[in-house]
Amino acid sequence: MNQHVVDGQTVVSAGGIFELGFFSPNGSQGRYVGSRYKGLPVEKVAWVANRKRPLIGSYGVLMINASDGNLFLVDDKNMSILSTETSLMSNNTVAVLTDQGNLVLCELNKSIGLNTRTGEQIVVTSWKDEKNPSLGRFSSAVVDRHELLQVLILNGSSKHFRSGQWNRRSFIGVPSMTKDHHNGFQLLTDNNGEELYFSYAILNYSAPTLIYFDSYGAIIQIDWDADENKWLRVQNEGNRTSGCVRRAQFQCEETITSPNSDDERNKGDVFLSVSEMKLPDFSHYLLGIKWNAKILS
């Protein structure tokens, strides 16, 4: 996009997957600029530009400022509603809608991230509700304790959820991050290594999918089902309706009987490998350490 987009027009990504345009979520009166999957009968918005300031009325223009290269949105009175406010200082700026639904201005693309020098956060924030994409109660944060990165979902300033530590492939506290799930999920850094970004991109595109957290702070994944012609929520694996209930005895609680004898002995205890567990926040990352542990009897 190197000109402008008015309400009623759209910009389509190179692969024809996403389109950028004006919309009113679920019949609300405000007008917003955002990206969504193209051609689906049930609209689901992936990204919203002017969440804090909706347009009133059906006239709005999204354009690039010819003098400094910034992207901005104006209303019917030519008043600025949104500006990127970057220090590009270029009149050759081009905005590109990618096949991941991101609107990229030159080489800028913000994801969840952290500036390790200044502590500045690049955050994602929930919608207030399904009809109102303005900033909700829940937001993301990336913490870096002892070189162990993890993502938090905060309810205001209170911790609502933590992902567990990043093990350079996935978050250890998210069991659903299978090989297919985290294909395209990666940790990126800027040129000087100060800014860290977690980014997710669908590399093997087969059907529309969205991952977000809702206005109640729940992490949601929805996939488009072409047969049923609607969005379907992907359910978490496992049945936890009974809560945390032990259904098997501890090893030390079981006994064995020697053959041809009435002698009973306790089974020996062993160390078990437990996967997909969240480590405490004060944990340290040890790289290249080999352990040679023995169980002494």
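As a starting point, this report considers the structure included with it. Not measured: the values here are computed from a predicted model. (Residues numbered from 1 in each chain as written. Predicted model: local features only at pLDDT ≥ 70, side-chain atom pairs only at ≥ 80, totals over all residues. Heavy atoms only, no water.)

1. Focus: the pairing of strand E16 (residues 148-155)
Of all the eight residues making up E16, seven are buried; the element is thus mostly covered by neighbouring parts of the structure. With four bridges connecting them, E16 and strand E17 (residues 158-162) associate as antiparallel partners. Note that in E17 the partner of Asn 155 across the bridge is Ser 158. Connecting the antiparallel pair E16 and E17 is a turn made up of two residues, with Gly 156 showing a positive phi of about 70 degrees. (Buried < 20%, exposed > 50% of the residue type's maximum accessible area, 1.4 Å probe, protein only. Helix = DSSP H or I, 4+ residues; strand = E, 2+ residues; numbered from the N terminus. Pairing = 2+ DSSP bridges.)

2. Description of the pattern of salt bridges
Under the definition given, this model contains five salt bridges. Across the salt bridge formed by Arg 36 and Glu 43, the nearest N and O atoms sit 2.7 Å from each other. Its salt-bridge partner being Glu 228, residue Lys 230 comes within 3.5 Å of it at the nearest N-O pair. Take Glu 228: its relative accessible area is 46%, and that puts it in the partly exposed class. Each of Glu 19, Arg 36 and Glu 43 takes part in a single network of salt bridges with overlapping partners. (Salt bridge = Lys/Arg side-chain N within 4 Å of Asp/Glu carboxyl O.)

3. Some thoughts on the sheet that holds strand E13 (residues 121-122)
With respect to topology, four strands assemble into an open sheet ordered E13-E12-E19-E18, the strand pairing being antiparallel. Edge positions in the open sheet fall to E13 and strand E18 (185-189), since each of these has one partner strand only. As paired strands, E18 and strand E19 (residues 195-200) are joined by five bridges and run antiparallel to one another. What sits directly across from Thr 189, in E19, is Leu 196.

4. Observations concerning the side chain of Ser 139
Within the fold, Ser 139 resides in strand E15 (residues 132-145). A residue is classified by how much of its surface remains accessible, and Ser 139, at 18% relative accessible area, is buried. Residues contacting Ser 139, with those up to four places away along its chain left out, are Val 124, Thr 125, Leu 152, Ile 153, Leu 154 and Phe 213. (Contact = heavy atoms within 4.5 Å.)

5. Some words on a nonpolar patch on the surface
Taken together, the side chains of Tyr 200, Ile 211 and Ile 219 make up a nonpolar region of the molecular surface, amounting to roughly 240 Å² of accessible area. Within the element layout of this structure, Ile 211 appears in strand E20 (residues 209-213). (Patch = residues over 30% accessible without salt bridge, like charges linked within 9 Å, V, L, I, M, F, W, Y side chains within 5 Å. Areas by Shrake-Rupley, 256 points an atom, 1.4 Å probe, with all protein chains shown as cover.)

6. Some remarks on the nonpolar core
By size, the foremost hydrophobic cluster in this structure holds 23 residues, and its most contacted members are Leu 20, Val 33 and Leu 73. In this structure, Leu 149, Val 151, Trp 166 and Phe 198 belong to the second largest nonpolar core, which totals nine residues. (Core = buried A, V, L, I, M, F, W, Y, C linked by side-chain atoms within 4.5 Å.)

7. A short note on the side chain of Arg 31
Inspection of the secondary structure assignment puts Arg 31 in strand E4 (residues 30-37). A polar atom in the side chain of Arg 31 sits 3.1 Å from the side chain of Ser 24. (Polar contact = N/O pair within 3.5 Å; in protein donor to acceptor, adjacent residues only side chain to side chain.)

8. Some words on the packing of aromatic side chains
Remark: the centre distance and the inter-plane angle together describe each pair of aromatic rings, the angle taken between the planes. For the structure shown, the criterion picks out seven aromatic pairs. A ring pair is formed by Trp 224 and Trp 231, whose centres lie 5.5 Å apart and whose planes are at 75 degrees; its orientation type is edge-to-face. A relative accessible area of 9% means that Trp 224 is categorised as buried. Judged by relative accessible area, which is 14%, Trp 231 ranks as buried. An aromatic cluster is present here, built from Phe 18, Tyr 37, Trp 224 and Trp 231 joined pairwise through their rings. (Phe/Tyr/Trp six-rings, centres within 6.5 Å; stacked < 30°, edge-to-face > 60°.)

9. Comments concerning the sheet that holds strand E7 (residues 61-64)
Read across the open sheet, the four strands follow the order E1-E7-E8-E9; overall the sheet is antiparallel. At either end of the open sheet lies a strand with only one pairing partner, and these are strand E1 (4-6) and strand E9 (80-83). Direction aside, the axes of adjacent strands within the sheet are offset by 15 degrees on average. In the sheet, E7 pairs with strand E8 (residues 71-74) via four bridges, with the strands oriented antiparallel. When the sheet's bridge partners are listed, Met 63 is paired in E8 with Phe 72. (Axes fitted to C-alpha atoms, helices over the stretch in contact; angles between N-to-C directions.)

10. Describing the environment of Phe 23
By the secondary structure assignment, Phe 23 is in strand E3 (residues 18-23). Given the relative accessible area of 3%, Phe 23 is considered buried. Residues Phe 23 and Glu 43, spaced 20 residues apart in sequence, show a C-alpha to C-alpha distance of 9.7 Å. Once residues lying within four places of it in the same chain are set aside, the contact partners of Phe 23 are Gly 30, Arg 31, Tyr 32, Val 33, Gly 34, Arg 36, Glu 43, Val 45 and Val 48.

11. Digging into the environment of Glu 19
The residue Glu 19 is located in strand E3 in this model. You can call Glu 19 buried: its relative accessible area is 13%. Residues Glu 19 and Ser 35, 16 residues apart in the sequence, show an inter-C-alpha distance of 5.5 Å. Non-local contacts of Glu 19, meaning those with residues more than four positions away in its chain, are made with Thr 10, Val 11, Val 12, Gly 34, Ser 35, Arg 36, Lys 38 and Leu 97.

By themselves, these observations are geometric and do not establish any function.
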